[in-house]
Amino acid sequence: MSKTVFLPGGAGFIGSHVAAELLTLGYDVVIADDLSNARGDVIDRLEQITGRRPAFYRIDVADRPALTAVFDAHAIDAVIHFAGFKAVGESVEKPVAYYRNNLGTTLTLLEVMAAHNVKELIFSSSATVYGVENEAPYTEDMPRGGCTNPYGWTKAMIEQILEDACVADPALRVVCLRYFNPVGAHESGLIGELPNGIPNNLMPYITQTAAGVRKELAVFGNDYPTPDGTGVRDFIHVVDLAKGHVAALCYTAKHTGWEAINLGTGRGTSVLELVDTFASVNAVPVPYHIAPRRSGDLAVCYAATDKAKRLLGWQAEKTVADMCRDSWRWQQHSDKL
Ligand code: UDP
């Protein structure tokens, strides 16, 4: 019998790519999303890509009766939890809304899971939980905290909540996946990232600049202690990231307790290297200027990848050129969808 996996927040950028992988592999997929930062036609696209349609509920995951109805309607074996606000800058302006939403959805989810005896949970965490006091490459045993914004703190706090829940219930099986910088898109060009308004993140800003939607990219700082002075990040293709979730699902099926695992490539790429690779593989100019540093940004951030290899048997395979190619294809398709 195939496993039924529930994806709260599964219509978003990462969730939709995980749904595509799971459907292709024969898992039954149930998505709940309030579509506050996603489009409902993602469900049609998933059917187009995989030939299988996930069950879909347009609900707020913090709405307990609505969430309970989903768990009553499906024999859910495991949950991959993507539901949360994710804009760093907005979290500084609206901290209470971020804590209310990100923690609230998680707490309700844990209560409803407990009531239905569902024990497997994979959580969308972030490299941001390493904060400013640790240094790259980040290893999972480093202390959490020192986050530079409320969004990051919600991830660190949720990890703590899940760790405590695992101590109290030894039957729980939880993996917190710490994402580095997910970019790229499905190679079908049918699903990808849909930023709300002006993008905060680098890759969507690059693709919109190349498309002429934005005039020029601002490169935030060229005086960091890095080879070319610009920030260094561990960009990871969203399809590799999605495959990491499938590997984590195989892991939670066999292991109880709590684990945090990085999903990154282990390789740092600077802002200007990414811009140059994008421009050359896609043969499209990306006008940019150097601007002051953005507050809260680190100079260098990349993953130690040994734990993912050891526990999940997973490692990223796609190159930065693949990421640039697929992001550009998506940018060109997305306005026609
Ligand atoms: N960045 C930039 N211009 C932009 C957006 C981002 O120069 O318009 C830089 C940013 O300073 C950082 C890197 O790109 O060094 C990645 O930023 P992003 O917001 O994508 O992810 P973060 O690592 O901050 O979560």
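In case you missed it, the structure is sitting above this.
Residues numbered from 1 in each chain as written. Predicted model: local features only at pLDDT ≥ 70, side-chain atom pairs only at ≥ 80, totals over all residues. Heavy atoms only, no water.

Some words on the site of the ligand
Okay, so step 1: In the neighbourhood of the ligand, 13 residues make up the surrounding shell, with Leu202, Ala218, Arg233, Arg294 and Asp297 lying closest.
Okay, so step 2: Leu202 is positioned with one of its backbone polar atoms (N or O) 2.8 Å from an oxygen atom of the ligand.
Okay, so step 3: For the shell around the ligand, the element with the most residues is strand β8 (residues 217-220), which contributes four residues.
Okay, so step 4: Class assignment for the residues of the shell around the ligand results in six nonpolar, four polar and three charged. (Near = heavy atom within 4 Å. Polar contact = N/O pair within 3.5 Å; in protein donor to acceptor, adjacent residues only side chain to side chain. Helix = DSSP H or I, 4+ residues; strand = E, 2+ residues; numbered from the N terminus. Nonpolar A, V, L, I, M, F, W, Y, C, P; charged D, E, K, R; others polar.)

A closer look at the nonpolar core
Note on soluble globular proteins: their nonpolar side chains tend to be buried together.
Okay, so step 1: By size, the foremost hydrophobic cluster in this structure holds 38 residues, and its most contacted members are Leu7, Leu22, Ile80, Leu177 and Leu312.
Okay, so step 2: For this core, the element with the most residues is helix α8 (residues 238-254), which contributes nine residues.
Okay, so step 3: For Leu22, the residues in contact, after removing those within four places along its chain, are Val5, Leu7, Tyr27, Val29, Arg52, Ile80, Val246 and Leu249.
Okay, so step 4: With 28 residues, the next largest nonpolar core counts Ala83, Leu103, Leu121 and Ile158 among its residues. (Core = buried A, V, L, I, M, F, W, Y, C linked by side-chain atoms within 4.5 Å. Buried < 20%, exposed > 50% of the residue type's maximum accessible area, 1.4 Å probe, protein only. Contact = heavy atoms within 4.5 Å.)

Some words on the packing of helix α7 (residues 202-210) against helix α11 (residues 320-334)
Okay, so step 1: For the pair α7 and α11, the least separation of the axes is 10 Å and the interaxial angle reads 60 degrees. One way to sum up the angle between α7 and α11 is to call them oblique. Along this stretch, α7 crosses α11, giving a crossing that reads as right-handed. Together, Met203, Thr207, Gln208 and Ala210 of α7 and Met323, Cys324, Ser327, Trp328 and Gln331 of α11 make up the contact between the two elements.
Okay, so step 2: Looking at the contact of α7 with α11 residue by residue, the class counts come to five nonpolar, four polar and no charged. (Axes fitted to C-alpha atoms, helices over the stretch in contact; angles between N-to-C directions. Parallel < 35°, antiparallel > 145°, perpendicular 65-115°, else oblique. Left-handed = near helix turned anticlockwise from the far one by under 90°.)

Regarding helix α3 (residues 64-73)
Okay, so step 1: Along α3, the positions that sit buried rather than exposed are Ala66, Leu67, Val70 and Phe71. Projected down its long axis, α3 shows its buried positions confined to an angular sector of 140 degrees, all on one face. Those residues of α3 that are exposed and angled more than 90 degrees off the buried face are Pro65, Asp72 and Ala73.
Okay, so step 2: Each element contacted by the buried residues of α3 is listed here: β1 (4-8), β2 (28-32), β3 (55-57), β4 (78-81) and α5 (95-115). (Arc of directions from axis to C-beta.)

Overview of the side chain of Arg173
Okay, so step 1: Tracing the backbone through its elements, the reader meets Arg173 in strand β6 (residues 173-179).
Okay, so step 2: No salt bridge is formed by the buried Arg173, whose closest oppositely charged neighbour, Glu120, lies at an N-O distance of 5.1 Å.
Okay, so step 3: Reaching out from Arg173, the side chain makes a polar contact with the backbone oxygen of Ala253 at a distance of 3.2 Å.
Okay, so step 4: For Arg173, the contacting residues outside a window of four places in its chain are Lys119, Glu120, Leu121, Thr252, Ala253, Lys254, His255, Thr256 and Gly257. (Lys, Arg positive; Asp, Glu negative; His and termini not counted. Salt bridge = Lys/Arg side-chain N within 4 Å of Asp/Glu carboxyl O.)

Some points on the pattern of salt bridges
Okay, so step 1: All told, the structure shown has 17 salt bridges when counted by the stated rule.
Okay, so step 2: Of the charged contacts in the structure, one is a salt bridge between Arg325 and Asp322, with a shortest N-O distance of 3.1 Å. Highlighted residues: Arg325 and Asp322, both in helix α11, separated by three residues, approximately one helical turn.
Okay, so step 3: Put simply, Arg144, Glu159, Glu163 and Arg178 are held in one network by salt bridges that share partners.

Some remarks on the sheet that holds strand β12 (residues 269-270)
Okay, so step 1: Strand order in this open sheet of three strands is β12-β9-β14, and the pairing throughout is mixed. The two strands at the open ends of the sheet, each matched to only one other strand, are β12 and β14 (300-301).
Okay, so step 2: Taken together, the two bridges between strand β9 (residues 232-233) and β12 define a ladder with antiparallel strand orientation. Residue pairing in the sheet places Val232 in a bridge with Ser270 of β12. (Pairing = 2+ DSSP bridges.)

What to know about the environment of Leu263
Okay, so step 1: Along the chain, the position of Leu263 falls in strand β11 (residues 257-263).
Okay, so step 2: Using a relative accessible area of 0% as the deciding quantity, one classes Leu263 as buried.
Okay, so step 3: Contacts of Leu263, omitting those with residues within four sequence positions, involve Leu177, Arg178, Tyr179, Phe180, Ile236, Leu241, Gly244, His245, Leu312 and Trp314.

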